[in-house]
Amino acid sequence: VIAFFQPKVLAGQQVLVTAGPTFEAIDPVRGITNLSSGKMGFAIARAAREAGADVTLIAGPVALPTPRGVQRVDVKSAQNMHLACVEYARAATIFVATAAVADWRPAQASDQKIKKDGSGNAPVLGFVENVDILSEIAHSPRATSGALFCVGFAAESHDLLAHATAKRARKGVPLLVGNIGPATFGQDDNALLLVDAQGAQELPRNSKLALARQLVAEIAKRQRATH
Ligand code: CTP
Ligand code: CA
């Protein structure tokens, strides 16, 4: 019902959203992952759809229903998420990366369950860095030419403004959104700090859906300004 009254600020746009954690296998029964409920990304996908966009949501392992009218692609690892993003970014006009992508994966996932060997010694795992999906896509020709507007997220435990400003430059995105902590993980509300070339602006504490709708309006405004 509320969706009916949303202004269609993203009509004609193709929005790609990543959400949730990734899961990096150690063996067939275990792995490492990040803390992320996916709620913020799912709310953004929903808000973008309400705003008239065609939305593809690339989701890591989460327990959330698919927003109405959104095309959902489920992935597990960062490598799966990377491949899906490269595919769907080709036609996208807006990319919003909210996923908590694992920075590293085990260098060698075992085909078989690793068994305790009785010695009392723990296995030693080597790790390799995962591709930075957002940075790669934000530095691609379609993004640098203005055809694809990229938005990053950052969850920081301290010095949010300084870290978000540095991260915005490093990722090469026009807009970097900081989560104003500390207890946003899995919660239904949040507060956001929007960092762009002009400076920083706060979206005060609200439900994740209300913030997602405000953020969608801010993205639409900034994307229009780059054309
Ligand atoms: N991101 C991504 N691919 C990765 C890591 C991060 O697409 N391999 C995206 C996230 O979805 C988020 C943004 O980059 O939009 C920032 O993620 P974050 O983990 O805060 O940044 P990192 O560059 O990984 O730096 P660090 O974790 O060391 O703070
Ligand atoms: Ca990271």
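Residues numbered from 1 in each chain as written. Chains lettered and ligands numbered in written order. Predicted model: local features only at pLDDT ≥ 70, side-chain atom pairs only at ≥ 80, totals over all residues.

**Student:** Which residues make up the overall build of the chain, and what values go with them?
**Tutor:** The number of helices and strands found in the chain is six helices and 12 strands. Relative to the compact-globule value of 17 Å for 227 residues, the chain shows a C-alpha radius of gyration of 18 Å, a close match. Overall, the C-alpha framework of the chain stretches about 65 × 35 × 35 Å when taken along its three principal axes. Across the chain, every contact between residues at least 6 apart in sequence was considered, and the portion connecting residues at least 24 apart equals 62%. (Helix = DSSP H or I, 4+ residues; strand = E, 2+ residues; numbered from the N terminus. Rg over C-alpha atoms; globule rule 2.2 N^0.38 Å. Contact = placed C-beta atoms within 7 Å.)

**Student:** Go over the UniProt feature "binding site: CTP" (unreviewed entry) in the chain, please, and point to the residues and values.
**Tutor:** In this numbering, the UniProt entry assigns the feature "binding site: CTP" (unreviewed entry) to D103, K113, F153, K167 and K171. Separation in sequence by 69 residues is matched in space for these annotated residues, since their most distant C-alpha atoms are 37.8 Å apart. K167 sits in the partly exposed class, given 19 other C-beta atoms within 10 Å. Ignoring anything within four residues of it in the chain, the contact list for K167 reads G152, A154 and L176. For K171, the position within the fold is in helix α5 (residues 160–171). Judged by the 21 C-beta atoms lying within 10 Å of it, K171 is buried. Setting aside residues up to four positions removed in sequence, K171 forms contacts with L134, S135, A138, G152 and L176. (UniProt positions renumbered as here; feature names shortened; annotations may be inferred. Buried ≥ 20, exposed ≤ 12 C-beta atoms within 10 Å, placed from the backbone.)

**Student:** Give me the sheet that holds strand β5 (residues 71–74): which residues, what numbers.
**Tutor:** Spatially, eight strands are ordered β5-β4-β1-β6-β9-β10-β11-β12 in an open sheet, and the strand pairing comes out mixed. Looking along the sheet, the strands with just one partner apiece sit at the ends: β5 and β12 (199–207). Adjacent strand axes in the sheet meet at a mean angle of 20 degrees, parallel and antiparallel pairs treated alike. Across six bridges, strand β1 (residues 14–19) lies against strand β4 (residues 54–59) in parallel orientation. Opposite T18, over in β4, you have I58 as the bridge partner. In the packing of helix α1 (residues 39–50) onto the sheet, contacts are made with β1, β4, β6 (94–97) and β11 (189–196), and the angle to β1 comes to roughly 165 degrees. (Pairing = 2+ DSSP bridges. Axes fitted to C-alpha atoms, helices over the stretch in contact; angles between N-to-C directions.)

**Student:** Explain the site of ligand 1 to me, and be specific about the residues and the numbers.
**Tutor:** Taken together, the neighbourhood of ligand 1 is formed by 16 residues, with A97, V101, I133, L134 and G152 sitting nearest. In the shell around ligand 1, the residues fall into 10 nonpolar, three polar and three charged. (Near = placed C-beta within 6 Å. Nonpolar A, V, L, I, M, F, W, Y, C, P; charged D, E, K, R; others polar.)

**Student:** Lay out unusual backbone geometry with the relevant residues and their values.
**Tutor:** Most peptide bonds take the trans form, and the phi angle of most residues other than glycine is negative. The backbone phi angle of D159 is positive, close to 50 degrees, even though this residue is not glycine. Summarising the element assignment, D159 is placed in the loop between β9 (149–155) and α5. The exposed category is assigned to D159, around which 10 C-beta atoms lie within 10 Å.

**Student:** Could you give an account of the confidence of the model for the chain, with specific residues and numbers?
**Tutor:** With 96% of its residues at a pLDDT of 70 or more, the chain shows a mean pLDDT of 94. For this predicted complex, the interface confidence comes out at an ipTM of 0.99, alongside a pTM of 0.95. (pLDDT = per-residue confidence, 0-100.)

**Student:** Tell me about helix α2 (residues 78–89), residues and numbers included.
**Tutor:** For α2, with 12 residues, the first-to-last C-alpha span of 16 Å sits near the 16 Å given by 1.5 Å per residue. Buried within α2 are the following residues: A78, M81, H82, C85, Y88 and A89. Projected down its long axis, α2 shows its buried positions confined to an angular sector of 145 degrees, all on one face. Looking at the buried positions of α2, the neighbouring elements they touch are β1, β2 (23–27), β4, β6, β7 (104–106) and α3 (133–138). (Expected span 1.5 Å × (residues − 1). Arc of directions from axis to C-beta.)

**Student:** Give me the lowdown on the pairing of β1, citing residues and values where you can.
**Tutor:** In terms of residue burial, β1 counts as a mostly covered element, since five of its six residues are buried. The sheet contact formed by β1 and β6 spans four bridges and is parallel. Looking at β6, one finds that T18 is bridged to A97.

**Student:** Got a sec to walk through the environment of L161? Specific residues and values, please.
**Tutor:** Checked against the element boundaries, L161 lands in helix α5. Residue L161 is classed as partly exposed on the basis of its C-beta count, with 13 C-beta atoms lying within 10 Å. Spatially, the C-alpha atoms of L161 and V195 are 7.9 Å apart, while their sequence positions differ by 34 residues. The residues touching L161, leaving out its near neighbours within four places in the chain, are L193 and A200.

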